[in-house]
Structure formats: C-alpha cells, structure tokens
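# Topology and contacts: notes
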Amino acid sequence: MYKGIAGSEGIGIGKIVLIEEHEIHLENRTVEDAEAEQKRLQGAIDKFVADTNAMADRMDATVGEKDADILRGHIQMLQDPMIEEQLTALVSGEKLCAEMAVEQVLEQTAQMFAQIPDELLQQRATDLRDIKTRVEKILLGIEDVDISKVEKGTVLVARDLTPSMTAGIVPENIQGILTEVGGRTSHSAILARAMEIPAVLSIENICSLVKNGDNVVLNGSTGEAVINPDDDVIREYQQLYEAYQKEKELLKKYSGKPTVTADGKQVELVCNIGKPEDAAKAVECDGEGVGLFRTEFLFMDRDSIPTEEEQFEAYKSVAETMKGKPVIIRTLDIGGDKALPYLGLEEEENPFLGFRAIRFCLERRDIYEIQLRALLRASAFGNIKIMVPLVTGVEELRQVKEMVAALMKQLDAENISYNQEIEIGVMMETPAACMMADALAKEAKFFSIGTNDLTGYTMAVDRGNAKVAYLYSTYNPAVLRAIQRIIECAKKEGIMVGMCGEAAADPKLIPLLLAFGLDEFSVSATSVLKTRKAISEWDISRCRELAEKVMACVTEEEVLKLL
C-alpha cells in the first residue's frame, strides 16, 4: 500500500495510464534574425492562447465556468505585460532563441512564487511551469498523449496533473488520479474535486513504481493506493465503492434542509470562496451564505491594484448571487508572505510573522480605503459583513472602524447608498487575538476562527517543514483550548462566532464545536451536505459529554482516541 495526501474523496478501481513527461532538450543559442524569431515566439504564444481557450471551453461544458477560469488565467499570466516585456528583451534585444527566452523568463518567475511560504501562491509556480512547458513543446513540435481519448476505467498517474492536462479529462472515463506532487489546495486537487474524481497526491516516486495496464485501487478519502491488489483487496474496495456511492445518494436528502442537530439546535452552514464566480457554486451546493470571501485573489494575476469600481462590481455580484444571505468578506490578506510584484514589498526573513494582512493595510491606507469604499458601496446590494484578518489587538480593529466611519461620511456627502449598520468582525487566527478575545468581543460584531493559521501560530509550526509538520494538528489540546476560549468570549458578549478553517468540516471535531457553542460552520461548497449530515447526527447533551472528556486530555493522542 502507498500513502499520499487525500486530494479528492472517493474510491477508484481501474487500470493505470501513465502520463509520461517528454524530456525537453533546449539549446542555448542566439539567432541571426531576431525579427523572425520574435514572430516564431508570437506564433507559439498565439497557438497556446487558441489551444487554451479551446480547452477552457471544453472544461466549461464538463466541469463549469469557475474551473475553466483556472485555464483562462494561464492566458492572462502569459500575456502579463512584465512577462511579455522580458521575453521581447531577450529575443529582440539579446537575440536569444525563443524557447530559451521562455525558459529563462517563466522559470525565474516560477521560482519567485515557489519561495513564498503560502501554499496557494506556491501553486502559481506550478501554473507558470505548466505554461512554460506547453509553449516550449509548441516551439519544438512535441505532441502529448490525448487524455480525452483514454478508455473507461482509467486511473491516471502523473508526476503532477496540471490544469492543461486536467482540461482533457472526460470525467466518466476516469476512475482516479495518482500524482507524485501536489496538496489539497493544488489545482489538480481542486479540479479533481470539482469533477468528483478520487485523487491521492504526493505519493513519492509513484511514476517509477507503476507501468501502463497495472491494476490499482485507491481511496481518495484516506490518501491510500494499492498497486496490483489481490482479489481480497479488490473485493474490499468494491464494497467501499458501493458504500461511498450509497452515502452520496443519501446526502441528497439533506439538500434544501435547515442545518440542525438531532435535538433541534440550528446553526449556519456557509461556504468559503476565493472568486466572485464561486458564489454560484455555493448556492448550487446549498450553502446558506458565504463565511469567507478571500479578496486577495482579486489582486493576483495582474500588474496593478484593482480599481474601486472593479472591486465594487466583484463584491456586489457575490451579494446579489447570495440574495440576502450573509456574505463575510475578508479584507486584503496580502503582504510579506503573499508578494505581489507591483506592490514593491521588501523580502522578509520571516514573512509569516512580518508585514502582512491588516499590518500592511493600515500602513497602505491608500489601498485599503479603496477596498473599504468598494465594500461599503456593495453593502447596499446584500448582507455584506467586513472581516479583518491577522488581528493581534483591539487597536487594529478600532483603526479599521474609524476608517469605515470616515468613509461613510464621504459616501453620505456624495449621496451614495450603503448599509449604515454594516458589521465589522475579526478573523481570530493569532494567539494574541485568542488571549485578547474578551476585549475584542466587546468591540467586534462577530468572530470567525481561522483554524489553519491559529493552529500554526499556536504550535509555532511551519507546515512546510517536514521535520516539524507532525506538530501541526488542530486536535492538539493547546489548539482546542484556544478555540474554546474564543467561542466562550464571543458567547459572553452575545456576538456570532463562526469558523472558516479546515476544521469546520471535520466530522471528528464537529461535536466539540457544537458543544463549545459555534454558531456558523464555513466549509468548501462540496462539503456542505456532508457537514450538514454530520451535524444532524449529534444532540447537544452528547456533544457536551464528549467535550468534557476531550478537554480533560493533555495529549493529542488521548484526544484522537476519544474522538
């Protein structure tokens, strides 16, 4: 059995098709006719754009617009003025051949993103290398295997399943995906989940351990795969497959129903989104609102700050899509760990503890005021709430509230409508915020617990460091005590408290969160029905009995054994 990362849940049983990467040999040469070489490069870029648009159109039909936009984003990345300028300088100025110019410019940009300690932004490096490889193949006349023509019952195995590969997938033909790299937030995982294809990622050297035609079974929920299993293992996985399909069918009965515990306590079940288009998926999956809209994605894949009008339209569209349901919008969480070239931020030795999120926004008020004005204007079109990230003390929240009050006066003077009662809350994700939760609860209108960062900061762990990754766990008693304290402080002051980290959808943690008094669970759109079912299976008295035992534990092992 091989163990990897559970990228997309479900059971897969099929035969392997190995997506082998063609070795690209580049010759570092100069050219005589720079003008002709520039035309050759432009021809390759034009073909890349045409091919990518065609793939995105196919994905539109099979998966949906949101995921097709990942591919359309590749076109924007390649046509970024800074990249175009660098390519032209190398070909026309230094007379470098087109493929070497592409290699140098895109690899250098990819390396910049790869060094940023943020999983979502590191994914940009994968995207850029995908673009680079495809353009180089066009220039060199190399053709790939057509994934769209693989047989029914196929399990794809690749070093990394890039968005351009994924675009060719016919979902009904693919039983599963295995890769050597990638995590739960990689595009391969996101697209696999969107197509409901089981996927196990980051299995070391899997490409060299298998061959075409090998039988394989995989469990995308546990991150396990067995190559050439015996009959007993196949029977076991067939039973798991049937049980999984039955569970999916049963989940449909939770659609359109309120989110209530077995004894009738109602909570809110909302969705995390990254782009305005994601709101439609939240509605489709029966989300009761948006618990986290990560606005930094509006600032990426471009060379300038989005205007007030662009931001206003984005926030307004989400508010209108949700039709009066709550929409919590997190203000810009950018900075040292999420560098945008056009902001000119300095490199930092420890960016996760550096100049980011609200620290950046309060210094760059010119940028922050544009966002807050856009949010206020959009609040006239729905139930928008403003959430402030990485708060460490009351003074930061007070400064934001003062800025909002000043902007309200501006809008009044301009006779522009907005929600005068708009709520401003705090993303609780630092130990400082946890310790000051009693004071913050007196000034915030709501809390939302970001368990991903809260876990990392509480445990002083870099998730990307394999030596200490074992310490990164929300089940650790220290993290559970932090969560409990934050909820208790919110309850004492009568404000809503939600959770928008991965833990909100964890069935092991749901009874604890219910016992603590969590009001709102914010999860990925595809986890809505599963989370609603898990909540419905508990009554509060049983939750409290379990929580009492769990909170007496002093080790993670004891906690997990109980849960």
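Structure first, text after, so check above.
Attention here is on the structure that accompanies the text. (Residues numbered from 1 in each chain as written. Predicted model: local features only at pLDDT ≥ 70, side-chain atom pairs only at ≥ 80, totals over all residues. Heavy atoms only, no water.)

## Structural notes on the overall build of the protein
Tallying secondary structure elements over the protein gives 22 helices and 16 strands in all. Computed over C-alpha atoms, the radius of gyration of the protein comes to 25 Å, within 12% of the 24 Å expected from 2.2 N^0.38 for 563 residues, which places it in the range of a compact globule. Taking the principal axes of its C-alpha atoms as reference, the protein extends roughly 75 × 70 × 45 Å. Here the protein, with 563 residues, has 53% of them falling under the buried criterion. Of the contacts made within the protein by residues no fewer than 6 positions apart, 68% connect residues no fewer than 24 positions apart. Side-chain charges of the protein comprise 63 positive and 95 negative groups, with the mean position of each set lying 6 Å from the other. (Helix = DSSP H or I, 4+ residues; strand = E, 2+ residues; numbered from the N terminus. Rg over C-alpha atoms; globule rule 2.2 N^0.38 Å. Buried < 20%, exposed > 50% of the residue type's maximum accessible area, 1.4 Å probe, protein only. Contact = heavy atoms within 4.5 Å. Lys, Arg positive; Asp, Glu negative; His and termini not counted. Charge placed at Lys NZ, Arg CZ, Asp CG, Glu CD.)

## So, the pairing of strand E12 (residues 383-388)
Most of E12 is tucked away: five of the six residues are buried. Alignment of strand E11 (residues 326-330) against E12, held across five bridges, turns out to be parallel. When the bridges of E12 are listed, Pro326 appears paired with Asn383. In this region the chain leaves E12, passes through helix H14 (residues 394-413) and returns to the parallel neighbour strand E13 (residues 424-428); the handedness of that crossover is right-handed. (Pairing = 2+ DSSP bridges. Right-handed = clockwise from strand over helix to strand, strands pointing away.)

## Points about the pattern of salt bridges
Taken as a whole, this structure holds 35 salt bridges when the rule is applied. With a shortest N-O distance of 4.0 Å, Glu224 and Lys3 are connected by a salt bridge. Of the two residues, Glu224 sits in strand E8 (residues 224-227) while Lys3 sits in strand E1 (residues 2-3), which places them 221 residues apart along the sequence. Between Lys530 and Glu9 there is a salt bridge; the shortest N-O distance is 2.6 Å. With a gap of 521 residues between them, Lys530 in helix H20 (residues 528-536) and Glu9 in the loop between strand E2 (5-8) and strand E3 (11-19) connect regions that are remote in the sequence. Lys530 gets classed as partly exposed once you look at its relative accessible area, which sits at 31%. Via salt bridges that share partners, Glu296, Arg330, Asp333, Arg356 and Asp453 belong to a single interconnected network. (Salt bridge = Lys/Arg side-chain N within 4 Å of Asp/Glu carboxyl O.)

## Considerations on the packing of aromatic side chains
All chains considered together, the criterion is met by three aromatic pairs. Geometrically, the ring pair formed by Phe293 and Tyr315 is edge-to-face, given 6.1 Å between the ring centres and 75° between the ring planes. Here Phe293, found in strand E10 (residues 290-294), pairs with Tyr315, found in helix H11 (residues 308-322); they are 22 residues apart in sequence, far enough to count as distant. Relative accessible area serves as the criterion here: at 0%, Phe293 is assigned to the buried category. Seen in terms of ring centroids, Phe355 and Phe360 are 5.6 Å apart; in terms of plane orientation they differ by 65°. Their pairing is edge-to-face. When the ring centre of Phe446 is taken as origin, the NZ or CZ atom of Lys385, which lies over that ring, is 6.0 Å away. When the ring centre of Trp538 is taken as reference, the NZ or CZ atom of Arg542 above it lies at 4.4 Å. (Phe/Tyr/Trp six-rings, centres within 6.5 Å; stacked < 30°, edge-to-face > 60°. Lys NZ or Arg CZ within 6 Å of the ring centre and 35° of its normal.)

## Some remarks on unusual backbone geometry
For residues other than glycine, phi is negative in most cases, and the peptide bonds are mostly trans. Phi at Lys95 takes a positive value of approximately 55°, unusual for a residue other than glycine. Relative to the helices and strands, Lys95 is located in the loop between helix H3 (81-93) and helix H4 (98-114). Even without being a glycine, Asn205 presents a positive backbone phi close to 60°. By the secondary structure assignment, Asn205 is in the loop between strand E6 (199-201) and helix H8 (206-209).

## Notes on the packing of helix H17 (residues 451-459) against helix H18 (residues 477-493)
Contact geometry for H17 and H18: axes closest at 9 Å, N-to-C directions at 125°. If you check the angle between H17 and H18, you find them oblique. In this structure, the crossing between H17 and H18 has a hand that is right-handed. Where H17 abuts H18, its residues Thr451, Leu454, Thr455, Thr458 and Met459 lie against Ala478, Val479, Ala482, Ile483 and Ile486. Residues of the contact of H17 with H18, tallied by class, amount to seven nonpolar, three polar and no charged. (Axes fitted to C-alpha atoms, helices over the stretch in contact; angles between N-to-C directions. Parallel < 35°, antiparallel > 145°, perpendicular 65-115°, else oblique. Left-handed = near helix turned anticlockwise from the far one by under 90°. Nonpolar A, V, L, I, M, F, W, Y, C, P; charged D, E, K, R; others polar.)

## Overview of the pairing of strand E9 (residues 268-273)
Of all six residues in E9, five are buried; the element is thus mostly enclosed. As defined by bridge partners, E9 adjoins strand E16 (residues 520-523) across four bridges and the pair is classed as parallel. Its bridge partner being in E16, Glu268 is matched across the sheet by Glu520. Alignment of E9 against E10, held across three bridges, turns out to be parallel. Bridge pairing links Cys271 to Val290 in E10. Between E9 and its parallel partner E10, the chain crosses via helix H10 (residues 278-284), and the hand of that crossover is right-handed.

## Things to note about the sheet that holds E12
Whenever strands of a sheet pair, they do so through backbone hydrogen bonds, lying parallel or antiparallel. If you walk around this closed barrel you meet the eight strands as E9-E10-E11-E12-E13-E14-E15-E16, and the pairing is parallel. Taken over all neighbouring pairs, the strand axes of this sheet differ in orientation by 30° on average, direction set aside. By the bridge criterion, three bridges tie E12 to E13 in an arrangement that is parallel. Looking at the pairing, Met387 lines up with Gly425 of E13. The strands touched by H14 within the sheet are E12 and E13, with E13 carrying the most contacts at an inclination of about 150°.

## Observations regarding the nonpolar core
Among the nonpolar cores identified, the biggest contains 132 residues, and Tyr315, Phe447, Ile449 and Phe521 are the most heavily contacted of them. When residues no more than four places from it in sequence are discounted, the contact partners of Tyr315 are Phe293, Thr295, Leu298, Ile329, Gln371, Ala374, Leu375, Ala378 and Ile384. Ala56, Ile70, Ala199 and Leu201 belong to the second largest nonpolar core, which has 23 residues in total. (Core = buried A, V, L, I, M, F, W, Y, C linked by side-chain atoms within 4.5 Å.)

## Looking at the environment of Glu9
Residue Glu9 is classed as partly exposed on the basis of its relative accessible area, which comes to 32%. As for Glu9 and Ala189, which are separated by 180 residues in sequence, their C-alpha atoms are 9.9 Å apart. Sequence-distant contacts of Glu9, that is, excluding residues within four places in its chain, are made with Pro198, Gly220, Ser221, Tyr244 and Lys530. In this structure the side chain of Glu9 is engaged in a polar contact, spanning 3.4 Å, whose partner is the side chain of Tyr244. (Polar contact = N/O pair within 3.5 Å; in protein donor to acceptor, adjacent residues only side chain to side chain.)

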